[in-house]
There are 2 protein chains.
Amino acid sequence: MLKKERQAYILHQVNLHNKVLSSSLCTEINVSEDTIRRDLQELAEEGKVIKVHGGALSHSFNDVSFPVNGVYSQNQKKTIAQKAIGLISNGMFVLTSGGTTIMELARSLPPQLKATFISGSIPVILEYMHHPNIEVILIGDKISKNSKITVGSEAIAKIKQMKPDICFLGTNAIDVEHGITDNDWEVVQLKKAMIDSSKKVVCLSIAEKINTVQPIRVCGIDDIDVLITELSPGNPVLKPFVDAGIKVL
Amino acid sequence: MLKKERQAYILHQVNLHNKVLSSSLCTEINVSEDTIRRDLQELAEEGKVIKVHGGALSHSFNDVSFPVNGVYSQNQKKTIAQKAIGLISNGMFVLTSGGTTIMELARSLPPQLKATFISGSIPVILEYMHHPNIEVILIGDKISKNSKITVGSEAIAKIKQMKPDICFLGTNAIDVEHGITDNDWEVVQLKKAMIDSSKKVVCLSIAEKINTVQPIRVCGIDDIDVLITELSPGNPVLKPFVDAGIKVL
DNA sequence: GTAATTCCTGCATAAAAACGCAGAAACCGG
DNA sequence: CCGGTTTCTGCGTTTTTATGCAGGAATTAC
């Protein structure tokens, strides 16, 4: 087999599977590992693959998945934020959790909106503060440095005293069977309280998180009134939620 | 599984869920905890995640900071902050108001200090959050967009429930005859509550504000235990305060 | 406080890479 | 077709890398 031919084959494999192992290539093509290594090196120098210890990766693997500066999947989250804004009207009391999706919602609020926003998430509160017309209520308590929200019994007690018109939950994982789940015990306690207090519960989730599960349960899907993703409501992936009686946007 | 591949997976998980545990990752990917830890360490060095005890956090909304516009008389305020820090010891409950002098205090806190800091000022709270060892309690209520602090009866009620060891007040105007005065009614209400609750009241003021008066009265000088300025305690301008029984630093 | 995790350091091992070399194959100008 | 040159390939050796393991220190949780 010719060198060029071999390299073309390797390139094809990389693009097909996003990854190749030197070891498997050399048995497939029946050449020594050195040859494969030299081929990969050449391809890497030409920028056609990314060489790593043990094999090579396709370009798409490495670059795309990592947002340098901003938010992961920001465009999807912007879409979600726009849909969510449609549910808010003037004069409403809106309770929100934290998370990057909610941040996106906060940034996208139309300037003329007059409503009251309540949250315990510091980054989200900062966004709300920039808005000219909304009132901002901050839920106080001990601050969790990890999640940048106030956590504890005081915060939960405060939430339970309220009866907001609508509640937006940034979601970590959602599944038809297990409902909303999360990975931080304190955050879960807060979200539970938020769900209990609110007249209407809206769950914001990028499609990637649908049908994933985390260790701690927040609520079952029965407790959710509306589910918003960046997908169109007719998408098959959302059908189980529609069937369960959730309004999907 | 290739190392890069694994790291890409980890990064993806972090971006998706904002937080990962080393323990759960190592069962998911089926490698030893050491490997996961080394991966997280590398990713952290590349600035792609933030490593914490037991796992890692997403970078996305973790470095919140307030736009800090040039602080007026910063050097004097640094001097004041240094003097104020001398009054804080490990284990104390410290209540603080807002204002740039307090900001300077927050920034200057020694990293090894372990204490609990309480405030309703968003910019100050953000500074406290950057500190590795202090606990931060946020007083919640409606946010005043002007002064960036929480104001209202809930906030005042919360303060009244506490009995902090010491209270640091950033001062707008102080005068031997009229005591501490200010120009924002809501802020004054809060400061009054803070003074009432605290075992010890420390007033931080740059010399420029001494012997000035604002329209609304916070308290008389009898209520002040300690006065800190950038001047030496022997300075003639401070003599009236010494004579009034205030400890001047 | 004490117990349980988690972290770090050094080390051992196995896998992979780099290097030099030599034989084989391809190329090329006559 | 042929000698000379270049390129390619495989092999053995040395280096580097990746990973796991054991212990003691540090941190966190109860």
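Residues numbered from 1 in each chain as written. Chains lettered and ligands numbered in written order. Predicted model: local features only at pLDDT ≥ 70, side-chain atom pairs only at ≥ 80, totals over all residues.

Caption draft 1: Focus on the confidence of the model for chain A. Predicted confidence across chain A gives a mean pLDDT of 91, with 96% of residues reaching 70 or more. Considering each helix and strand of chain A separately, the mean pLDDT is smallest for helix α4 (residues 59–63) of chain A, with a value of 70, and largest for strand β4 (residues 93–96) of chain A, with 97. (pLDDT = per-residue confidence, 0-100. Helix = DSSP H or I, 4+ residues; strand = E, 2+ residues; numbered from the N terminus.)

Caption draft 2: Quick look at the protein's contact with DNA strand D. Around DNA strand D, the surrounding shell consists of K3, V31, S32, D34, T35 and H53 of chain A together with K3, V31, S32, D34, T35 and H53 of chain B. Looking at the surface near DNA strand D, the elements with two or more residues in it are α3 (33–45) of chain A together with α3 (33–45) of chain B. In terms of residue class, the surface near DNA strand D is built from 2 nonpolar, 6 polar and 4 charged. (Near = placed C-beta within 6 Å. Nonpolar A, V, L, I, M, F, W, Y, C, P; charged D, E, K, R; others polar.)

Caption draft 3: Spotlight on the protein's contact with DNA strand C. Taken together, 14 residues sit near DNA strand C, with S22, S23 and G54 of chain A together with S22 and G54 of chain B positioned nearest. Of all the secondary structure elements, the ones that give two or more residues to the surface near DNA strand C are α2 (22–29) and α3 of chain A together with α2 (22–29) and α3 of chain B. With 4 residues, the single largest contributor to the surface near DNA strand C is α3 of chain A. A class-by-class count of the residues in the surface near DNA strand C yields no nonpolar, 9 polar and 5 charged.

Caption draft 4: Main features of the nonpolar core. Of all hydrophobic cores here, the largest spans 110 residues; its most connected members are F168 and V202 of chain A together with F168 and V202 of chain B. Here this core gets 6 residues from one element, more than from any other, and that element is helix α8 (residues 185–197) of chain B. With near-sequence residues (within four places) excluded, V202 of chain A lies in contact with A84, L87, I166, C167, F168, L169, D225, V226 and I228 of chain A. Judged by nonpolar contacts, the second largest core, of 11 residues, contains I36, L40, V49 and L57 of chain B. (Core = buried A, V, L, I, M, F, W, Y, C linked by C-beta atoms within 7 Å. Buried ≥ 20, exposed ≤ 12 C-beta atoms within 10 Å, placed from the backbone. Contact = placed C-beta atoms within 7 Å.)

Caption draft 5: Quick peek at the packing of α2 of chain A against α3 of chain A. All names here are of chain A. Axis separation between α2 and α3 bottoms out at 9 Å; the angle between their running directions is 115 degrees. Of the possible angle classes, the one that applies to α2 and α3 is roughly perpendicular. At the point where α2 passes α3, the crossing takes the right-handed sense. Residues S22, L25 and C26 of α2 touch α3, and the partners they reach there are E33, I36, R37 and L40. The residue inventory of the contact of α2 with α3, partitioned by class, reads 4 nonpolar, 1 polar and 2 charged. (Axes fitted to C-alpha atoms, helices over the stretch in contact; angles between N-to-C directions. Parallel < 35°, antiparallel > 145°, perpendicular 65-115°, else oblique. Left-handed = near helix turned anticlockwise from the far one by under 90°.)

Caption draft 6: A look at the sheet that holds strand β5 (residues 116–119) of chain A. Pairing is mixed in the open sheet, where 9 strands are placed in the order β15(A)-β14(A)-β12(A)-β9(A)-β4(A)-β5(A)-β6(A)-β7(B)-β8(B). Lying at the two open borders of the sheet, with one neighbouring strand each, are β15 (247–248) of chain A together with β8 (149–151) of chain B. Pairing of β4 of chain A with β5 of chain A, which is carried by 3 bridges, proceeds in the parallel orientation. Opposite F93 of chain A, over in β5 of chain A, you have T116 of chain A as the bridge partner. (Pairing = 2+ DSSP bridges.)

Caption draft 7: Structural view of the interface of chain B and chain A. Listed per partner, the contact involves 32 residues of chain B and 40 residues of chain A. Those elements giving two or more residues to the side of chain B that touches chain A turn out to be α1 (3–17), α6 (122–130), β6 (135–138) and β7 (141–144) of chain B. With 9 residues, α1 of chain B is the largest single contributor of residues to the side of chain B that touches chain A. Here the side of chain B that touches chain A is built from residues that sort into 15 nonpolar, 7 polar and 10 charged. Two elements, strand β7 (residues 141–144) of chain A and β6 of chain B, share 2 bridges in a ladder whose sense is antiparallel. Residue pairing for β6 of chain B: K142 of chain A is matched across the bridge by I137 of chain B.

Caption draft 8: Structural detail: the sheet that holds strand β13 (residues 216–219) of chain B. All names here are of chain B. Across the sheet, 3 strands lie side by side as β10-β11-β13; this open sheet has antiparallel pairing. In this open sheet, the two edge strands, each paired with only one partner strand, are β10 (173–175) and β13. Averaged over all neighbouring strand pairs, the angle between strand axes comes to 35 degrees, with direction disregarded. Bridge count for strand β11 (residues 179–182) against β13 is 3 bridges, and the pairing is antiparallel. For T181, the partnering residue across the bridge sits in β13 and is R217. The strands that α8 touches are β11 and β13; relative to β13, the one it contacts most, it runs at about 15 degrees.

Caption draft 9: Main features of the pairing of strand β9 (residues 166–170) of chain B. Residue and element names in this part refer to chain B. Where burial is concerned, most of β9 is hidden: 5 out of the 5 residues are buried. On β9, burial covers both faces: I166, F168 and G170 on one face and C167 and L169 on the other are all buried. Pairing between strand β4 (residues 93–96) and β9: 3 bridges, direction parallel. Within β9, the residue paired with T96 across the bridge is F168. Two strands pair when backbone bridges link them, and β9 and strand β12 (residues 201–204) are joined in this way by 4 bridges, in the parallel orientation. Across the sheet, residue F168 finds its bridge partner in β12, namely V202.

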